[in-house]
Structures are given as structure tokens and as C-alpha cells.
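The primary structure of each chain is shown beneath.
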Amino acid sequence: MRRPERLTDVEQKELAELCERNPALATTVECARRLALMIRDRRSEHLALDVWMADVRLDGQRELRTLANGMRRDHAAIQAALTTTYTSGAVEGNVTRIKLLKRQMCGRANFDLLRRRILLSP
């Protein structure tokens, strides 16, 4: 799933041979690359995501169609993720820290001590 320009010559050759043998794989690789490019570059064209989902619905493998159906249900959230610069990274990091502290305290003390440790830890 690396960018095509970052593949070694041997990897590019092997991928080309695999795609020649299996046209379905070639379609899947192309769809995956387009989606990765859209996410990586945060392309905000309104129809880019819709076009990708339509292409997958017509030509994609069953697994990709399942992915596209799930993405269709969360279309507004995905479109917002592609178009805005906001991130939930700080919140997710804090949640991870709290879960780590909770696991460390498992069975050792009551909720009051866990609460104090969460509030006082850096």
C-alpha cells in the first residue's frame, strides 16, 4: 500500500505480474490507491468520494463494495474528515492514557484512588 513511486523495481515488477494474472486484483489495487491518495492528500473535492464509491459499486470486489457501503452510512463524517483540518488526536491520546492507568490499577484500589491518579498524572 505504499505510494507507487516508493516501491522498489522488484516490487513494482511483482505487482505488475500479479495484476496481469488477476484482473480483479488490478481493479482492487487501483481502487485502494485512489482511496489512499484521497485520504493522504485530504482532497476536498465534493464529488471525489462519491465518484470513488460509485466506481467501487460498479467494478469493485465484494470486500470493497462492503467498505463503500459502510462509508456511505458515515458519508458526512468522512466528508468532514477530508475537508476540515480539525483532529481528535489530543482527545484520543488522553483516552489512551486513561485506559492505561485503569489497566494498571485493575483490582488494586477503589474508584476514588483511580480518579485521583487520573487527575494528577501528567
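Residues numbered from 1 in each chain as written. Predicted model: local features only at pLDDT ≥ 70, side-chain atom pairs only at ≥ 80, totals over all residues. Heavy atoms only, no water.

Trainee: I'd like a description of the packing of helix α1 (residues 9-21) against helix α2 (residues 23-40), backed by residues and values.
Mentor: Orientation of α1 relative to α2, taken along the N-to-C sense of each, is 125°, at an axis distance of 5 Å. Classified by the angle between their axes, α1 and α2 sit oblique to one another. In contact with Leu15, Leu18, Cys19 and Arg21 of α1, α2 contributes Pro23, Leu25, Ala26, Val29 and Arg33. For the contact of α1 with α2, the class distribution of residues is seven nonpolar, no polar and two charged. (Axes fitted to C-alpha atoms, helices over the stretch in contact; angles between N-to-C directions. Helix = DSSP H or I, 4+ residues; strand = E, 2+ residues; numbered from the N terminus. Parallel < 35°, antiparallel > 145°, perpendicular 65-115°, else oblique. Contact = heavy atoms within 4.5 Å. Nonpolar A, V, L, I, M, F, W, Y, C, P; charged D, E, K, R; others polar.)

Trainee: Could you give an account of the nonpolar core, with specific residues and numbers?
Mentor: In terms of nonpolar packing, the biggest core is built from 12 residues, these being Cys31, Leu35, Met38, Ala48, Leu49, Trp52, Met53, Val56, Leu64, Ala68, Met71 and Leu82. Contributions of two or more residues to this core are made by α2, α3 (48-59) and α4 (62-73). Ignoring any residue separated from it by four or fewer positions in sequence, one finds Leu64 in contact with Thr28, Cys31 and Val56. (Core = buried A, V, L, I, M, F, W, Y, C linked by side-chain atoms within 4.5 Å. Buried < 20%, exposed > 50% of the residue type's maximum accessible area, 1.4 Å probe, protein only.)

Trainee: Can you explain helix α6 (residues 89-105)? Please cite residues and give values.
Mentor: For α6, built from 17 residues, the straight-helix expectation of 24 Å at 1.5 Å per residue is met to within 8% by its first-to-last C-alpha distance of 24 Å. Immediately downstream of α6, the backbone of Gly107 shows phi near 75°, a positive value. (Expected span 1.5 Å × (residues − 1).)

Honestly, that's just the spatial picture; any functional story needs more than this.
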